[in-house]
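The primary structure of each chain is shown beneath.
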Amino acid sequence: MIRVGYIMVGITLITLKAQGATEAVSVSPTQLKLNLDVKTFTLPNGMRFLLVQKKELPMIHAGWVAHVGSANERPGITGLAHLFEHMMFKGTKVIGTKDYEKEKSIMEEKENLQERIRELYSQQRQRYYKGEIEDPFDPDTYPQELKQLLAEFEELDKKHKELIIKDDFTRIYKEAGAANFNAFTTYDLTGYIISVPANKLELWFWMESERLLNPVFREFYTERDVVQEERRLRTESTPTGKFDELIEAAFWQSHPYKWPVIGWPSDLKIISMKQAQKFYDMYYAPNNITAVLVGNFDIEKVKELADKYFGRLKKADEIEEVVTLEMPQLAYKEIEGECDCQPQIKVMYHTVPFIHKDAPAFEVLAELLNGYTGRLYKTLVLEKKIASSAFSYNYPRKYAGSFIIQAETSKESTPKELYEAWQEILEDLKENPVSDKELQKVKNKVTADSFRRLENPFMLMLQLVYYDGLGDWKYLLEWGERVNKVTKEDIQKIVKKYLTKENTLVAFYYRKKDSESREYPAEITELPPEIQSHFKRQLDAIQNETDKEKLEKIYTSLLAQEGNIPPEIQKAFETLKKTIENRIQELENR
Amino acid sequence: MKKITVTLLFLTGGIVMAIPPHPQKLEFPELQFSLPNPDDITYTIDKNVSLLIAEDHSLPLVHLSLIFRGGSYLDPEGKTGLATLTAKVMRTGGTKKLTPEEFDEKADFLAANISTSVDSSSFRAYLNCLSSVFDECLELFFKMLKEPRFDKERLKIEKTKMIEELKQRNDHPQSILWREWNWLVYGKSHPEARQTTKAEIESITQNDLFEFWKKITPENGVIAVVGDIDASKIKEKIAKMISDWPNSGNVKWPPEEKTKHLSKPGIYVIEKEIPQTAVAAGHRTFKMENWLDKSNFAITVMNEILGGGFNSRLFTRIRSDEGLAYAVRSIFRHSVYWPGTFIAFFQSKNETAAYATKLLIEELEKMRTDNVTSKELKAAKQGIIDRFPQRFETLKAAIWVFAEDKFIGRPFSFWKNYRNYIEEVTADAVKKAANDFIHPEKSVIVMVGKWSEIDKWAKDKNIDLRQFGPITHLPLRDPLTLEPVKQ
């Protein structure tokens, strides 16, 4: 029997008012109803379901979130949560294989080899500690036995590959008319998403329960290398990317957020299948997973199928919690870096977790600063003319948060000037309450956005997956309302409390001598600054990527998103697509 | 208005089946999907504007999309780019009463998204806002359209941006490829092929913008509104906005080809120092006059098999089997104003560019001579039919399609019977479509790459590219002036 507990979150009232508007903009007070009916139920094994029924849709957008991210790791196994995201596409005992029994024996052989390889890596580390070698993972320093074992492993891997049907899992979905097949890992969560035609509901249940129930971590060890490449891509892809890990590590003192989601390279070389299995058994247990369905389905049918398919999963007795809290920062931190980039700054402040009561005030603060009529752009770009771009964002994670300011210099200005100008804005925010009109402008935008974000059914599913992963999916419904309650006093309070000097980390970036600035096409530079930098990062990342398969994957997932691209970024999206095509072609020709 | 309706027909009723060992064994209910009839929600208002209104009260938002006559086909001689610039500065340049800054503040305060654009044959504007402030937004939106200021400072900024854009014209081989291919098949003065220069943009004045703006008029345009609105009230409001439009439409319509351009088949090469060659091959097709002509659906199925789908022949032959290229595809671009085009496109290493071109032409020929297999035919049709509902996933998506239809004159029965027409396509019809609409011997083949390498490898592999037509070398052009660059 399925335990059913409906939560009806039908009505949230939001008032949009133009209080204190000094000019003739008569925005009449209106009661706005947020119509989103989310039904929930939980299976006896603890797996939760969130359902939004939309009978008019020909599709079902489906996803599930495992409440595990890099924050659940420990030194030694960093990168494991993300490695799983890759493993989950490798198939099962019946999918992706020509002969599972044969595969099994090869995988056992591989495991034995790896056992010995790990012992030799341990010896390599000893040599490193003694100062005999500079890099324990430099192949030139490998002893003969290690070289031989690695060669043997490669041979075995080739044999194994012959038994594998590549992308079989993806193919089955594709042939059934599915789109948007993808996954993502963050510090806090791992999400798996897809859209299927409404009549293929049972296929989703079959496929997803199958990969949770009978996963085969084939190509585990080769995938570690793929992930290594991805790490290089992320850190080397953008001019300031190599400093990102440094900044995070410097910013977080005690919290597991200090290591990158992608993991440290020395851990990725060593992680074993056994460690992976242990991690999987605990964090991919049904009582650590929430599934989300948005679209055209019958609720009773979903319950029946959920019980039938996911009911087979075994509950984990214990799921370890993240218990380490971030220590209060005691002193101002500063980093100076040189890169092939426009001189710029990144300012970070410790703030609050996602579910914290002060979080909405930070959303308002970010909006006050952003956009073409926001304070950062107006002051730094239009008035002082010292920045080419300037924006802020609120980045709350599950257990702690940060508030971030970024700006790039213009012509002869310096990063120090940018920081000083930001300090002026900050001082003003501390001393003078924002005007009613300015606050209302921001609230109006937040209110409109809180509805806009519910419009696209695929995005709705994605957000439910994401916010449940961060601790509370109801955020989606309450966001507009909570933000509308923020007062100017609240803004002043959080600015004074959190945006203090001893709570700050500032990174100043200077242009390395002899480096040229990169130019971007107009469809990118015309985007709003906060989206712009996202696209720039992606374009840079693609240019620097050397793994063709990885690019092809990105390309496929881009194609899958095609239908969901808002018109305002359509051109930029096309550019992104073309850049990938070109880059793949370039790599193919090497 | 009736909404999109979707029904699932379960064949197995309430019987609980065991979990099959493989998903192939699963049985799925039939997906029934029907569209609302746009005629039920289309009104004709003043100046023969078609107004589509669809109420959707699930969220307190309104979307408005406006399509008027007035695209870049109206760009005067020597001022190519004027239409684009007019649209850009209309949005950023303020109104008669509001400075650009005031306009931005006001739009932001109302949390409204407003944008404008043009293509070769139309002018477009878009508004999205909360329904509670829709009236104010509508006012602001139409002020922008009817009383633009075209602020000189903002015009300067937009001109600079456009010139910056031109500088990157030769950065991507594709942009060279399409520029040259369009010139060759359409002719340089054709609206689909025209290109601007730095000098032309610089010559554009505020007065030019005002003159162009006068040509953007509501006559025979389309306005579509979807969202949390009262259909009966909205009709009046919009009719009022239209009734006192400042300019009247004696604009030349429809867009037309000034002169009949005769493209010369053959191979055209533009030298660029790059490791991979970008190749486009194709020709003009026909002017779309009857959307319901069965041959249109045969073309769709034929192209799905040839180079449209995930398992298409071109994809399989050139990409998967031979590993010669990445993006391989073929498309039919239809137009109601002039003959459209058929294009097959790929990129391949300089070493294999000639060989891949040969394979491509072979596949085009094969499409004309051999019958498609029943398996191919079935899979192609199924793919098209399965993907069909995605185009109309939400009411908004459907209304946007219907608005486009209204503007170009595509009848609703096209979509209503789309899946049936696709289902009816036979192997013979596919072959006939290939024979009627694909002409390898008439193709203009443009290659952008390193000719010395392409040629060397072609000779090594005994491929004579001249069998596909005479080879002409074209110069690379300066991105700002479009004058040939001396090499």
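Enquirer: Tell me about the overall build of chain A, and name the residues and values.
Expert: Scanning chain A from N- to C-terminus turns up 21 helices and 13 strands. Compactness check: chain A gives a C-alpha radius of gyration of 25 Å against a globular reference of 25 Å for 590 residues, within 12% of the reference. With respect to the principal axes defined by its C-alpha atoms, chain A has extents near 75 × 65 × 45 Å. For chain A, with 590 residues in total, the buried portion stands at 41%. Sequence separation of at least 24 residues holds for 80% of the intrachain contacts in chain A that already meet a minimum separation of 6.

Enquirer: Report on the overall build of chain B, specifying residues and quantitative values.
Expert: From N to C terminus, chain B includes 17 helices and 14 strands. Taken over the C-alpha trace, chain B has a radius of gyration of 25 Å; the compact-globule value for 487 residues is 23 Å, and the two agree within 12%. Along the longest, intermediate and shortest principal axes, the C-alpha atoms of chain B span 75 × 70 × 40 Å. With 487 residues in all, chain B has 45% of them scored as buried. Across chain B, contacts joining residues at least 24 apart in sequence account for 81% of those joining residues at least 6 apart.

Enquirer: How would you summarise the interface of chain A and chain B if you had to cite specific residues and measurements?
Expert: Across the contact, 53 residues belong to chain A and 50 residues belong to chain B. A per-element tally of the side of chain A that touches chain B places helix α14 (residues 436–455) of chain A first, with nine residues. Classifying every residue of the side of chain A that touches chain B by side-chain character gives 23 nonpolar, 14 polar and 16 charged.

Enquirer: Describe the packing of helix α9 (residues 294–308) of chain B against helix α12 (residues 374–391) of chain B, with residues and values.
Expert: All names here are of chain B. Axis separation between α9 and α12 bottoms out at 9 Å; the angle between their running directions is 110°. If you check the angle between α9 and α12, you find them roughly perpendicular. Touching Thr 300, Val 301, Glu 304 and Ile 305 of α9 are Glu 376, Ala 380, Lys 381, Gly 383 and Ile 384, all from α12. Residues belonging to the contact of α9 with α12 are distributed by class as follows: four nonpolar, two polar and three charged.

Enquirer: How would you explain the nonpolar core if you had to name every residue and give the values?
Expert: Membership of the largest hydrophobic core comes to 199 residues, with the highest contact counts inside it found for Val292(A), Leu365(A), Met461(A), Cys129(B) and Cys137(B). Counting residues per element, this core draws most heavily on helix α15 (residues 457–470) of chain A, at nine residues. If we ignore the near neighbours within four places in the chain, the residues touching Met461(A) are His61(A), Ala62(A), Gly63(A), Ile193(A), Val292(A) and Val294(A). The next biggest cluster of nonpolar side chains, apart from the first, holds 61 residues, and it includes Trp183(B), Leu184(B), Leu324(B) and Met367(B).

Enquirer: Now, about the domain arrangement of chain A: what can you tell me, with residues and values included?
Expert: All names here are of chain A. The assigned domain composition of chain A is domain 1 (48–97 + 164–239 + 250–312), domain 2 (115–162), domain 3 (328–456 + 471–516) and domain 4 (518–590). A C-alpha centroid distance of 30 Å is found between domain 1 and domain 2. If you look at the interface, domain 1 gives five residues, while domain 2 gives six residues. Class assignment of the residues belonging to the side of domain 1 that touches domain 2 gives a composition of two nonpolar, two polar and one charged.

Enquirer: Please set out the sheet that holds strand β3 (residues 39–42) of chain A residue by residue, giving values where relevant.
Expert: Residues and elements named next belong to chain A. In space, the six strands of this open sheet follow the order β3-β4-β8-β5-β7-β6, with mixed pairing throughout. One side of each edge strand has no neighbouring strand; the edge strands of this open sheet are β3 and β6 (179–185). For this sheet, the mean inter-axis angle between neighbouring strands, taken without regard to orientation, is 15°. Sheet topology places strand β4 (residues 48–53) next to strand β8 (residues 289–295); six bridges connect them, and they run parallel. Bridged to Leu 51 within β8 is Leu 293. Contacts between helix α1 (residues 80–87) and the sheet are confined to β6 and β7 (190–197), with β6 contributing the most and set at about 160° to the helix.

Enquirer: Help me get a handle on the domain arrangement of chain B, residues and values and all.
Expert: Think of interface size as the accessible area that goes away when the parts come together; that is how it is often given. All names here are of chain B. Splitting chain B by domain gives domain 1 (5–34), domain 2 (38–243) and domain 3 (266–474). Computed from C-alpha coordinates alone, the two centres of domain 2 and domain 3 are separated by 31 Å. Facing 23 residues of domain 2, the contacting portion of domain 3 comprises 23 residues. Elements represented by at least two residues in the side of domain 2 that touches domain 3 include exactly β4 (49–55), β5 (61–69), α5 (173–186) and β8 (222–227).

Enquirer: Any details on the pairing of strand β5 (residues 59–66) of chain A? Residues and values, ideally.
Expert: With eight of its eight residues buried, β5(A) lies for the most part within the structure. Burial of the side chains of β5(A) extends over both faces: Met59(A), His61(A), Gly63(A) and Val65(A) are buried on one face and Ile60(A), Ala62(A), Trp64(A) and Ala66(A) on the other.

Enquirer: Can you tell me about the confidence of the model for chain A, naming the residues and giving the values?
Expert: Low-pLDDT portions of the prediction should not be read for the details of their coordinates. Chain-level statistics for chain A give a pLDDT mean of 87 and a share of 91% at 70 or above. Segment residues 1–32 of chain A: pLDDT under 50, and 66 contacts once partners within four positions in sequence are set aside and those in other chains are kept.

Enquirer: If you had to explain the confidence of the model for chain B to someone new, which residues and values would you point to?
Expert: Residues and elements named next belong to chain B. In this model, chain B carries a mean pLDDT of 91, and residues with pLDDT of at least 70 account for 96%. When the elements of chain B are averaged for pLDDT, strand β1 (residues 5–9) gives the smallest value, 73, and β8 the largest, 98. Interface confidence for the predicted complex, given as ipTM, is 0.84, next to a pTM of 0.80.

Enquirer: Please set out unusual backbone geometry residue by residue, giving values where relevant.
Expert: Residues and elements named next belong to chain B. The omega angle of the peptide bond from Trp 253 to Pro 254 is -5°, so this bond is cis rather than trans. Looking at the secondary structure, you find Pro 254 in the loop between α8 (231–243) and β9 (266–271). Positive phi outside glycine occurs at Ala 111, with the angle close to 55°. Along the polypeptide, Ala 111 turns up in the loop between α2 (100–109) and β6 (113–118). In this structure, Asn 462 takes a positive phi of about 65° despite not being glycine. Topologically, Asn 462 is positioned in the loop between α17 (451–460) and β14 (471–474). Look at Asn 462 and you get exposed, because 6 C-beta atoms sit within 10 Å.

Enquirer: Mind laying out the pairing of β8(A), listing which residues take part and the relevant values?
Expert: Residue and element names in this part refer to chain A. Of all seven residues that make up β8, seven are buried, and the element is covered over most of its length. Of the two faces of β8, the one lined by Ile 289, Ala 291, Leu 293 and Gly 295 and the one lined by Thr 290, Val 292 and Val 294 are each fully buried. Of the pairings in the sheet, the one linking β5 to β8 comprises seven bridges and is antiparallel in character. Each residue of the ladder has a partner; that of Ile 60, found in β8, is Gly 295.

Enquirer: Explain helix α16 (residues 475–484) of chain A to me, and be specific about the residues and the numbers.
Expert: Looking only at α16(A), the buried set comprises Tyr475(A), Leu476(A), Trp479(A), Gly480(A), Val483(A) and Asn484(A). Along α16(A), the residues classed as buried sweep out an arc of 170° about the axis, all on the same side.

Enquirer: Explain the environment of Lys497(A) to me, and be specific about the residues and the numbers.
Expert: If you trace the backbone, Lys497(A) turns up in helix α17 (residues 488–498). It is 9.2 Å that separates the C-alpha atoms of Lys497(A) and Thr351(A), two residues lying 146 residues apart in sequence.

Enquirer: Lay out the sheet that holds β8(B) in plain terms, naming residues and giving numbers.
Expert: Residue and element names in this part refer to chain B. Reading across the sheet, the six strands line up as β3-β4-β8-β5-β7-β6 and stay open at both edges, with mixed pairing between neighbours. Whereas interior strands pair on both sides, the edge strands pair on one side only; in this sheet they are β3 (42–45) and β6. Geometrically, the sheet is characterised by an average inter-axis angle of 15° between neighbouring strands, direction not taken into account. The pairing of β4 with β8 spans six bridges and is classified as parallel. In the strand pairing of β8, Ser 50 is matched with Val 222. Here helix α1 (residues 82–92) sits on the sheet in contact with β6 and β7 (122–130), set at roughly 170° to β6.

Enquirer: I'd love a proper account of the packing of helix α11 (residues 359–369) of chain A against α14(A), names of residues and values included.
Expert: Residue and element names in this part refer to chain A. It is at 9 Å that the axes of α11 and α14 come closest, and there the two elements cross at 110°. With respect to α14, the axis of α11 lies roughly perpendicular. Side by side, α11 and α14 meet where Glu 363, Val 364, Glu 367 and Leu 368 of the first sit next to Glu 438, Val 442, Lys 445 and Val 446 of the second. Here the residues of the contact of α11 with α14 are counted per class, giving four nonpolar, no polar and four charged.

Enquirer: Mind laying out the environment of Pro389(B), listing which residues take part and the relevant values?
Expert: Summarising the element assignment, Pro389(B) is placed in helix α12. A tally of 21 C-beta atoms within 10 Å means that Pro389(B) is categorised as buried.

Definitions and cut-offs
Residues numbered from 1 in each chain as written. Chains lettered and ligands numbered in written order. Predicted model: local features only at pLDDT ≥ 70, side-chain atom pairs only at ≥ 80, totals over all residues. Helix = DSSP H or I, 4+ residues; strand = E, 2+ residues; numbered from the N terminus. Rg over C-alpha atoms; globule rule 2.2 N^0.38 Å. Buried ≥ 20, exposed ≤ 12 C-beta atoms within 10 Å, placed from the backbone. Contact = placed C-beta atoms within 7 Å. Nonpolar A, V, L, I, M, F, W, Y, C, P; charged D, E, K, R; others polar. Axes fitted to C-alpha atoms, helices over the stretch in contact; angles between N-to-C directions. Parallel < 35°, antiparallel > 145°, perpendicular 65-115°, else oblique. Core = buried A, V, L, I, M, F, W, Y, C linked by C-beta atoms within 7 Å. Domains from an automatic or database assignment. Pairing = 2+ DSSP bridges. pLDDT = per-residue confidence, 0-100. Arc of directions from axis to C-beta.

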